[in-house]
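# Fold and contact review
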Amino acid sequence: MKFYYPKEYKALARLGIPITIGQVGITLQNIVDNIMVGQHSTNELAAAGFVNNMFILALLLTIGYAAGAVPRIGSLYTQGKKKQIVTVLKSSIITDSLQGIIVALALVGLYVGLPYMGQPEELLPLMRPYLVIQILSLPFMVVTGSFKQFTDSINDTSVSMAIMLIGNVWNVFFNWVFIFGELGFPEMGIIGAAWSTFSSRVLMLIIYVCVFFYWPKYKQYVEYWHKTKANKKEMLVLNRLGWPIAVQMGVETASFSLTSIIIGWIGTTTLAAHQVMINMANFIFMFYIGVSTAVSIRVSNYNGLKDISGIRHAAFAGYQMILSLGIILSIFAFAFRHDISQLFTDSDEVAEIVAVLAYPLILYQLGDGMQVTFANALRGVGDVKKLMKYSMLAYIVISLPLSYFMGVTLGWGAFGVWMGFPFGLTTAAMLYLRRFLSVTNKRTLGGV
């Protein structure tokens, strides 16, 4: 097998850099909220961080479901079938919206269940309104996701990058205005952060719609928009592809989000430190997401051409790039482990806990990079059913119980909770790699 893929490195970088910037932009919305809210008060940091962790789980369920369009649009794109691409886009907007309703109802259940999750009582009055506003923003994010999958899958990843950057500049500015009461507005703290984020998500959807319908580059697709309809067959295909991806991404995120509940039992300061480290972990992971999404697009393009060697080259080149990123970012996390928390709060207690949590964070990067690469490679060829089963085993059966055992039963605290992550992520990585090799071997032999 080859170990050097210059063609793929270039192609993945061209696709992946804009996606990475866009994905980092999505994460930065929550990070910026936490940083600016943390400057307002530590309690608001803990409350916003807890809700954001729960909401990210919901967000990734919708992103994962929308990703079911990638293997369809990516394959059609290499075949030049623009009319069918528009049919998929229309169908995906409907299916994504229906799935978004289900996710929103789950978030309403979370709202009702907040008092029973063992979180500090003083945080509940802050968590509740913040969560409500996040739920209200979900429909806008869902449709935005449909358009994002379309533009990314036709290899036009710079569009999402630009829109995400605009949304984040907007979010930072209005965070400053609403949180701290600038320009004549009342000081709203955590609620101001929620409304700022809400408005940025509405803005991004408006821009996507305007770009699609009024930018000459997409004229050829708009012409088919008025001539095609969503169809039931395509919606069923998207549903079949979307749910396994959503569950796989959701279960993985749940292993992180649910640990927030466990750590909340320990105390507010520990929960605040956990939120700081979760933000750092999400920031690193978004670089992986950028490259691995590019892998998914490249693999789907090769799949449309039935090019098995291209599929393999794209996947392994992507993992090499992610591994290199992981090493660089791990060095950064280690070097600044004592300083990271200062972005969010001036608490010395939080800083001490964050410095300790940097070690398990660094430890799981190898497995995390591998699992996200080959999960996306499998999505690119439309082989997604096994992902759901493997993720349940890795994260729910292995990672989460180990986090509870080491953190609570053994009394290792937040460090013990975080030590469950390397075991789950590495297990998932090996299972996804094994499946990818099996699928591509069978395809070479005429199977699958």
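Details of the structure are given in the entry above.
Residues numbered from 1 in each chain as written. Predicted model: local features only at pLDDT ≥ 70, side-chain atom pairs only at ≥ 80, totals over all residues. Heavy atoms only, no water.

### Looking at the overall build of the protein
- What the protein contains, in helices and strands, is 16 helices and 0 strands.
- A globule of 448 residues ought to have a C-alpha radius of gyration of about 22 Å, and the protein, at 21 Å, matches this closely.
- For the protein, the C-alpha atoms occupy an extent of roughly 55 × 50 × 35 Å along the three principal directions.
- For the protein, the proportion of its 448 residues judged to be buried stands at 61%.
- Of the contacts made within the protein by residues no fewer than 6 positions apart, 82% connect residues no fewer than 24 positions apart.
- For the protein, the distance from the average site of its 31 positive side-chain charges to the average site of its 21 negative ones is 24 Å. (Helix = DSSP H or I, 4+ residues; strand = E, 2+ residues; numbered from the N terminus. Rg over C-alpha atoms; globule rule 2.2 N^0.38 Å. Buried < 20%, exposed > 50% of the residue type's maximum accessible area, 1.4 Å probe, protein only. Contact = heavy atoms within 4.5 Å. Lys, Arg positive; Asp, Glu negative; His and termini not counted. Charge placed at Lys NZ, Arg CZ, Asp CG, Glu CD.)

### Comments concerning the packing of aromatic side chains
- Under the criterion given, the structure shown has 32 aromatic pairs.
- On the basis of an interplanar angle of 85 degrees and a centroid distance of 5.3 Å, the ring pair of Phe 150 and Tyr 221 is categorised as edge-to-face. With Phe 150 in helix H5 (residues 124–153) and Tyr 221 in helix H8 (residues 219–225), this residue pair connects regions lying 71 residues apart in the sequence.
- For the ring pair Phe 213 and Trp 225, a centre distance of 5.3 Å and an interplane angle of 85 degrees mean the geometry is edge-to-face. Pair noted here: Phe 213 is in helix H7 (residues 190–214) and Trp 225 is in helix H8, with a separation of 12 residues, a long-range link. (Phe/Tyr/Trp six-rings, centres within 6.5 Å; stacked < 30°, edge-to-face > 60°.)

### Quick word on the environment of Thr 78
- The topology assignment puts Thr 78 in helix H3 (residues 69–78).
- Through-space distance from the C-alpha of Thr 78 to that of Ile 154 is 8.6 Å; in sequence the pair is 76 residues apart.
- Contact partners of Thr 78, with chain neighbours within four places excluded, come to Asn 301, Gly 304 and Leu 305.
- Here the side chain of Thr 78 touches Asn 301 through a polar contact of 3.4 Å, landing on its backbone oxygen. (Polar contact = N/O pair within 3.5 Å; in protein donor to acceptor, adjacent residues only side chain to side chain.)

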